[in-house]
Amino acid sequence: MSSHEAVHRLVVSADVKGSGRLGHQAKLRSRRAMYGVFEAAFAAVGVGGQVHVEDRGDGVLAALAPQVPPAAMVGLWLEEVHQGVREHNRGASEPLRLRIAMHGGPVSHDGRGLVGRAVDLTCRLCDSEPARAILAADDGVDVVFVVSDVLYRSVVAEGGRFVEPEHYRPLPVRAKETDEVAWFHVPRRTRPPLPAPATPPAPGTGSTPPEGAGVDEARQWPTKYWINVNGHNQIVDGAEVHGDIVGVRVAPDDDSAEGAGPT
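Given the structure is predicted, the values throughout are model-derived calculations rather than measurements. (Residues numbered from 1 in each chain as written. Predicted model: local features only at pLDDT ≥ 70, side-chain atom pairs only at ≥ 80, totals over all residues. Heavy atoms only, no water.)

(A) Region of the structure containing the overall build of the chain. The helix and strand inventory of the chain stands at five helices and eleven strands. Across the 263 residues of the chain, 42% fall into the buried class. Counting only contacts in the chain whose residues sit at least 6 apart along the sequence, the fraction spanning at least 24 positions is 63%. With the model as given, the accessible surface of the chain reaches about 14000 Å², and the carbon-plus-sulfur share is 49%. (Helix = DSSP H or I, 4+ residues; strand = E, 2+ residues; numbered from the N terminus. Buried < 20%, exposed > 50% of the residue type's maximum accessible area, 1.4 Å probe, protein only. Contact = heavy atoms within 4.5 Å. Areas by Shrake-Rupley, 256 points an atom, 1.4 Å probe, with all protein chains shown as cover.)

What follows is the structure, given as structure tokens:
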């Protein structure tokens, strides 16, 4: 793959949890296991020769050829990865635990590596706080999978073989220039394990929530909010709004849109 012209491709970013704490030989074993799992999964989907893979030390970055069906990647490919990790971890003293993100968009190769906003977003989803929190919340989770909102709505939500759209959960991802909703999934779980929201201290007590209590409630994605766009109030639920935004007001679920306006 070598072209400065951007082509729409599916991008995959993966990272091994806790690799920085491994010794040299353990790190080599982890890398062999990771590559073995991914190569077997790509072969199972039949895209072994249609994927460009770059090494990231304790992870990989991959871009699929444009003709690869994304439904196969969020379905059979993910299932093969999950089963491969389970097989490797059976009786292993150093279990392999992966964060995997997927998104699609224009991607080019400048001779040194993959370039594009789709690459940036995929990597940030993989490295996001919610993805890390899900793995940290349950030692029994070996794989956490996250897809962008557009990939969920256009591919995952359609269902298909090994695709479980009802088992995904949306969470906000905020890092650097990224402020997106992404969808998180743990294979064979009805929902990903999430830390409980932190409980605010009682007034005047000065107490603080216990360490690791979870994501602060104030940072949870609002269920409904009003945005004044070009003079008209609209209720938006995870959708992208185009136009001049005059004001925003978050409202609880039981509020009515009638009479709502900007703050």
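Anyway, onward from the coordinates.
(B) Broad picture of helix 4 (residues 129-137). Within helix 4 the residues assigned to the buried category are Pro-130, Ala-131, Ala-133, Ile-134 and Leu-135. Buried residues along helix 4 sit against strand 4 (98-109), helix 3 (117-126), strand 6 (143-148), strand 7 (169-175) and strand 8 (178-185).

(C) Structural detail: the pairing of strand 6. Of all six residues making up strand 6, six are buried, and the element is well covered by its neighbours. Burial along strand 6 is two-sided: Val-143, Phe-145 and Val-147 and Val-144, Val-146 and Ser-148, pointing in opposite directions, are all buried. Looking at chain direction, strand 4 and strand 6 are connected through five bridges and run parallel. Residue pairing for strand 6: Arg-99 is matched across the bridge by Val-144. Here strand 6 pairs with strand 8 via four bridges, running antiparallel. Residue pairing for strand 8: Phe-145 is matched across the bridge by His-185. (Pairing = 2+ DSSP bridges.)

(D) Main features of the packing of aromatic side chains. By the definition in use, this model includes five aromatic pairs. Ring centres of Phe-38 and Trp-77 lie 5.8 Å apart, and the angle between their planes is 10°; this geometry places the pair in the stacked category. Placement of Phe-38 in helix 1 (residues 24-45) and of Trp-77 in helix 2 (residues 70-89) is noted, with a sequence separation of 39 residues between them. No difference in accessibility class separates Phe-38 from Trp-77, as the two residues are buried. Note on Tyr-152 and Tyr-168: the rings are 5.6 Å apart at their centroids and 55° apart in plane angle, and the pair reads as tilted. Taken together, the residues Tyr-152 in helix 5 (residues 149-154) and Tyr-168 in the loop between helix 5 and strand 7 connect sequence positions 16 residues apart. (Phe/Tyr/Trp six-rings, centres within 6.5 Å; stacked < 30°, edge-to-face > 60°.)

(E) Up close: the side chain of Arg-9. Here Arg-9 is to be found in strand 1 (residues 3-16). One polar contact links the side chain of Arg-9 to the main-chain carbonyl oxygen of Leu-64, over a distance of 3.5 Å. (Polar contact = N/O pair within 3.5 Å; in protein donor to acceptor, adjacent residues only side chain to side chain.)

(F) Quick look at the packing of helix 1 against helix 2. At a minimum axis separation of 9 Å, helix 1 and helix 2 run at an interaxial angle of 140°. Helix 2 is crossed by helix 1, and the crossing has right-handed handedness. From helix 1, Ala-33, Val-37, Phe-38, Ala-41, Phe-42, Ala-44 and Val-45 reach across to helix 2, where they touch Ala-72, Met-73, Leu-76, Trp-77, Glu-80, Val-81, Gly-84, Val-85 and His-88. (Axes fitted to C-alpha atoms, helices over the stretch in contact; angles between N-to-C directions. Left-handed = near helix turned anticlockwise from the far one by under 90°.)

(G) Region of the structure containing the nonpolar core. Phe-38, Trp-77, Ile-100 and Met-102 are the most contacted members of the largest nonpolar core, which totals 39 residues. Those elements that provide at least two residues to this core are strand 1, helix 1, strand 3 (59-64), helix 2, strand 4, strand 6, helix 5 and strand 8. Ranked by residues supplied to this core, first place goes to helix 1 with seven residues. Listed in part, the 15 residues of the second largest apolar core include Leu-121, Ile-134, Val-141 and Val-173. (Core = buried A, V, L, I, M, F, W, Y, C linked by side-chain atoms within 4.5 Å.)

(H) View of the pattern of salt bridges. A full pass over the atoms with the stated rule returns twelve salt bridges. One salt bridge in this structure joins Glu-79 and Arg-188, with 2.6 Å as the shortest N-O distance. Here the residue Glu-79 occupies a position in helix 2, and Arg-188 occupies one in the loop between strand 8 and strand 9 (224-229), the gap between them amounting to 109 residues. Note that Asp-127 and Arg-99 form a salt bridge whose closest N and O atoms lie 3.5 Å from each other. Within this pair, whereas Asp-127 is found in the loop between helix 3 and helix 4, its partner Arg-99 is found in strand 4, the two being separated by 28 residues in sequence. Each of Asp-15, Arg-99, Asp-127 and Arg-132 takes part in one network of salt bridges that share partners. (Salt bridge = Lys/Arg side-chain N within 4 Å of Asp/Glu carboxyl O.)

(I) Examining the side chain of Ser-13 more closely. Structurally, Ser-13 can be placed in strand 1. Once residues lying within four places of it in the same chain are set aside, the contact partners of Ser-13 are Val-60, Leu-61, Arg-99, Ile-100, Ala-101, Thr-122, Cys-123 and Cys-126.

(J) Geometry of helix 3. Where helix 3 is concerned, the buried positions are Ala-118, Val-119, Leu-121, Thr-122, Leu-125 and Cys-126. Along the long axis of helix 3, the arc covered by the buried residues comes to 165°, so they all point the same way. (Arc of directions from axis to C-beta.)

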